[in-house]
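# A look at the structure
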Amino acid sequence: MVFLCLYSRKEQMDFFTELLQYIINVLPSNTAGDVVAVVTFIVTLCTLVIRFWKEPDSKSGLHGLWSLIHLLASFRLPDRQAGKDGKNGDGTNGKQATPKTP
């Protein structure tokens, strides 16, 4: 996994796409279909859970479970800069930044 950090984001997607295509082609068609159906169900279920479950406090024991479900739902880690008070980490508090006039 360390060597993947050397590639750009586009090259990582190409690598994973090729890897997924290879794995699906190696599996028998009925098994590949079952795997795709199960993975689709897991991602959909995790997305539904994340939609209604707010992020717990980072000190809570459930935060690790929430992070795992968030990873499976969105294929990315939760934003560490986002605050619990509605701030999104860029100082705009989720609002459109007003342009500065000279």
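Reading the values: rules and limits
- Residues numbered from 1 in each chain as written.
- Predicted model: local features only at pLDDT ≥ 70, side-chain atom pairs only at ≥ 80, totals over all residues.
- Heavy atoms only, no water.
- Helix = DSSP H or I, 4+ residues; strand = E, 2+ residues; numbered from the N terminus.
- Expected span 1.5 Å × (residues − 1).
- Buried < 20%, exposed > 50% of the residue type's maximum accessible area, 1.4 Å probe, protein only.
- Arc of directions from axis to C-beta.
- Contact = heavy atoms within 4.5 Å.
- Core = buried A, V, L, I, M, F, W, Y, C linked by side-chain atoms within 4.5 Å.

## Brief notes about helix α3 (residues 63-74)
An ideal rise of 1.5 Å per residue puts 16 Å on 12 residues; α3 measures up with 16 Å between its terminal C-alpha atoms. Those residues of α3 that sit buried are H63, W66, S67, I69, H70 and A73. Summarising the axial view, the buried residues of α3 lie within an arc of 165 degrees, below the 170-degree limit, and thus occupy one face. The inward-facing, buried residues of α3 contact α2 (29-52).

## A few points about the nonpolar core
Counting residues in each nonpolar core, the largest one holds 5 residues, listed as C46, I50, W66, I69 and A73. Broken down by secondary-structure element, the contributors of at least two residues to this core are α2 and α3. In terms of residues, this core owes the most to one element, α3, which gives 3 residues. Ignoring any residue separated from it by four or fewer positions in sequence, one finds I50 in contact with W66, I69, H70 and A73.

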